[in-house]
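Architecture at a glance
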Amino acid sequence: MKRAFVRALPWLGLFVAALAVRSLGFGRVFVDAEVRFPFGVDELYHMRRIWFTVVNFPATLDFDRYMNFPEGAPPIWSPFFDWTIAALARALVGAGDQHAVEVVAAWVPPVLGALAVMMVMAPVRVAYSTGAGWLTGWLLLTPPAHVLLSELGQVDHHVAVGLFAAVLVTAALWMTGPGVRPRVAVATGVVAAAAILLWAGALLQVLVVQAFLTVQLLATREAGVARARASSLVWMHVAAAVVLAPYGLGRSWAQFGAFSPEVHSNFQPLWFGAGAAALAATRWLWATPSFGGDRPRRVATALAVALPGVGAAWWLLPGLGASLESASGWFADDAFLGRIQELKPLLFAGDRFAPALAHDRFSYLFWATPVLLAALAWQAVRARRADRLLLAVFSAVFLVAALFQQRFVDVAAASYAWALGPALAEGLAWARRRGAPRWGIGVAALGVAIAALLPAAFRYGSDLEASLRGAAGSAHPIARRQRLVRQAAEWMKRETPETLGYLDASLEPGYGVLTSWDSGHLVRYYAERPVVQDNFGPWGGRAGFEAARRYFEAHDEAEALAIAERLGIRYVVALPKGSGQLKPSLASMTRRLLVLREPGGALAFNGEGLGRHRLVHLADDVDPERPGEPPRRVAVYEIVAGARVVGTAPAGETIRFELRLRLPDRGAVFYSASARADASGRYALRLPYPSEAGYTLRMGSARRSLPVAEADVREGRTLEGPRFGP
């Protein structure tokens, strides 16, 4: 028992160290008896589904009426990550305390991240040595590329994706041997399917493994070994198809179709099923000398089986071509996609070369990875070590992918460690063989450690300082904006009519909310109100996404209202960015909704207030480091019928309506609007605010008063306005 404990100490030490690094921000996450999620973005939709399953266990939220309102939409993420956390939370804290569930969920990412640090050692231990494996694990301990995706509160499936990538590569290494047992191949197929069930995008990881093993199969010289490898690949593909079939076969999406690799559909089980059939046919043909006698014949036979199959699928499966073309949009150069941080390149800010992010996410050693991977690959080829070559190829693919889009840093972080760990271990062994002095090796090791740890040390030091001081948040503009949106959302939850169906998917909510796409998850979670668009962008429902853009870009309130009424919108959470999809134009609704620049300012655009949008809440703050700048502001508007005022005045005269308003907990603001008398001497307009004291109406030096009741505004009553003139 004592020996077992001693052997376990290094593993325990690495796990605890990894968990500690990923928990340094505890003071920013657990604040005032609440959980503040680090980014407040994707974590909040995961939390929505987790809480839904905790309350309705074991049900999952497969169709959400609170996204893409009023149509609703199925979430594009698979439910398995959220369901697992929900099951854990329900077992630990029950279904009666949402805060307790949030606490449990917040601790899952650092635990998974620490497990990933340990798991990343496995393929290196298999392909190289135990020492190289340990070095690899310690190298993944601190890179922010991995830590930020696994830190406390970062409830997102990407931390699990990185963990499954390490499991997949480890399983695949055993497939590279000459005589693979069926159960090893089946296990590899199950792991591949599990990774895809966790996240449909994990198919990219599986494709790299499939491509490598297929190339190795075709490059095999010995006929018997080639047939054995073909058999193992058949078993792998059959296992993956069987696991994926219940969740994919027969599933079709209104937006993506029935054969899209972007979501779980018929594509995944058919991909593996077709692969199994093609490999089985090839293996059967290879049993005869005419088709499998030598390598050129085997390659020709494989191509003769595969190419017609691909062509037949392309022509016979409806929508396959369109789905694959749509999936290629993952890598498209798109104006909207360029606004999403995780889709931006790693080394460029616009057209400008900006390497600082690579240093921050990985370390200064990032620049050594191409050379080290090339050296490891060359060494693997010379030694005919397919397992080592697979590790190098997989690492290279995802480090390159991260250069194009930051969304791949979860797997690229493991790839970074797989490049450095074996290379440094091999370099150390070479130096020892060459008789290098110990002091020289020590100096080199110290330099490597400084280059690896220096960029991260400042980040983690500030995280720890903030936690020890009890700092509640960040002064970063994005964090400040998100706090304002959360305040507005929490106000809506308290002060606006409750909607049906937040935790009962069978009920339809009565109204929806419009806000920017990147605030949707936040508004829905904290307000518990349905939103038209959210952080899923067009993938969460293109109809709502495009309608939100048209509303915020409308240059006329009537045009915007037509969109809002068709959607069933009652509230608008207005931010300076409007829909968030495009830079707002000068005359857009975005500008009209946020013309109030300071307390006491005029609530009007070029002197004209909105007639059916009523400001009901403002959340703002001032940057403590820039007190002279205007405060950041989020406004909540209610769409009302508006009291219709009809009166008489000399033809062509303009009547000004003015009102001094008071919002709760803030100073007065001023609303103004105007109406012009027509040729018959009649003027008309709508007013969104009630006032017992009455609006002040002016025409030249003439002055009148008009009281407006709340019922007048809500019911759209017509009021007789004051008469001006003779």
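Heads up: these notes are all about the structure in this document. Small disclaimer: the values here were computed from a predicted structure and weren't measured.

Some words on the packing of helix α9 (residues 158–175) against helix α19 (residues 386–404)
Where α9 contacts α19, the axes come no closer than 9 Å and their chain directions differ by 150°. Crossing angle aside, the handedness with which α9 passes α19 is right-handed. Of the residues in α19, those in contact with V169, A172 and L173 of α9 are D387, L390, L391 and F394. Along the lines of polarity and charge, the residues of the contact of α9 with α19 split into 6 nonpolar, no polar and 1 charged.

Some words on the pairing of strand β14 (residues 691–699)
When strand β11 (residues 654–662) meets β14, the two strands line up antiparallel, connected through 3 bridges. For F657, the partnering residue across the bridge sits in β14 and is L697. With 6 bridges joining them, β14 and strand β15 (residues 702–708) adopt antiparallel strand pairing. Each residue of the ladder has a partner; that of M699, found in β15, is A702. Here β14 folds back onto β15, and the loop between the two strands holds 2 residues, one of which, G700, carries a positive phi near 60°.

Quick word on the packing of aromatic side chains
Each pair of aromatic rings is reported with the distance of its centres and the angle of its planes. Applying the stated criterion to the full structure yields 23 aromatic pairs. Through a chain of ring-to-ring contacts, three or more aromatic side chains come together here, namely F353, F362, F366, W367 and Y416. Lying across the ring of Y502, R48 places its NZ or CZ 4.3 Å from the centre. Its guanidinium or amino end placed over the ring of W286, R298 lies 5.9 Å from that ring's centre, counting from NZ or CZ.

What about the pattern of salt bridges?
Taken as a whole and judged by the stated rule, the model has 22 salt bridges. One salt bridge in this structure joins R714 and E710, with 2.7 Å as the shortest N-O distance. Within this pair, R714 and its partner E710 are both found in helix α27 (residues 710–715), separated by 4 residues, close to a single helical turn. Judged by relative accessible area, which is 33%, E710 ranks as partly exposed. When the shortest N-O distance is used, the salt bridge between D712 and R717 registers 3.3 Å. Residue classification places D712 among the buried positions, given a relative accessible area of 8%. Given the relative accessible area of 38%, R717 is considered partly exposed. Among the charged side chains, a network of salt bridges with common partners joins R570, R614, E638, E710 and R714.

Overview of the sheet that holds strand β13 (residues 682–687)
Taken together, 3 strands build an open sheet; the order of strands is β13-β10-β16 and the sheet is mixed. Both outer strands of the open sheet, β13 and β16 (718–720), are each paired with one neighbouring strand and no more. For this sheet, the mean inter-axis angle between neighbouring strands, taken without regard to orientation, is 25°. Of the strand pairs in this sheet, strand β10 (residues 643–648) and β16 are connected by 3 bridges, and their pairing is parallel. By the bridge assignment, V646 is partnered in β16 with E720.

Examining the side chain of H237
Positionally, H237 belongs in helix α12 (residues 223–248). Residue classification places H237 among the buried positions, given a relative accessible area of 6%. With sequence-adjacent residues up to four places away left out, H237 is seen in contact with Q210, F272, G275, A276 and L279.

So, a nonpolar patch on the surface
On the surface, L9, L12 and V16 cluster together into a nonpolar patch covering about 250 Å² of accessible area. Tracing the sequence through the fold places L12 in helix α1 (residues 2–21). Classification of L12 as partly exposed rests on a relative accessible area of 45%.

Remarks on the packing of α12 against helix α13 (residues 267–285)
Their axes nearest at 7 Å, the elements α12 and α13 cross at an angle of 155°. As far as their axial angle goes, α13 and α12 are roughly antiparallel. The hand of the α12/α13 crossing is left-handed. Touching R227, A230, S231, L233, V234, H237, V238, A240, A241, L244, A245 and G248 of α12 are Q268, P269, F272, G273, G275, A276, L279, A280 and R283, all from α13. Here the residues of the contact of α12 with α13 sort into 13 nonpolar, 6 polar and 2 charged.

Thresholds, definitions, all that
Residues numbered from 1 in each chain as written. Predicted model: local features only at pLDDT ≥ 70, side-chain atom pairs only at ≥ 80, totals over all residues. Heavy atoms only, no water. Axes fitted to C-alpha atoms, helices over the stretch in contact; angles between N-to-C directions. Helix = DSSP H or I, 4+ residues; strand = E, 2+ residues; numbered from the N terminus. Left-handed = near helix turned anticlockwise from the far one by under 90°. Contact = heavy atoms within 4.5 Å. Nonpolar A, V, L, I, M, F, W, Y, C, P; charged D, E, K, R; others polar. Pairing = 2+ DSSP bridges. Phe/Tyr/Trp six-rings, centres within 6.5 Å; stacked < 30°, edge-to-face > 60°. Lys NZ or Arg CZ within 6 Å of the ring centre and 35° of its normal. Salt bridge = Lys/Arg side-chain N within 4 Å of Asp/Glu carboxyl O. Buried < 20%, exposed > 50% of the residue type's maximum accessible area, 1.4 Å probe, protein only. Patch = residues over 30% accessible without salt bridge, like charges linked within 9 Å, V, L, I, M, F, W, Y side chains within 5 Å. Areas by Shrake-Rupley, 256 points an atom, 1.4 Å probe, with all protein chains shown as cover. Parallel < 35°, antiparallel > 145°, perpendicular 65-115°, else oblique.

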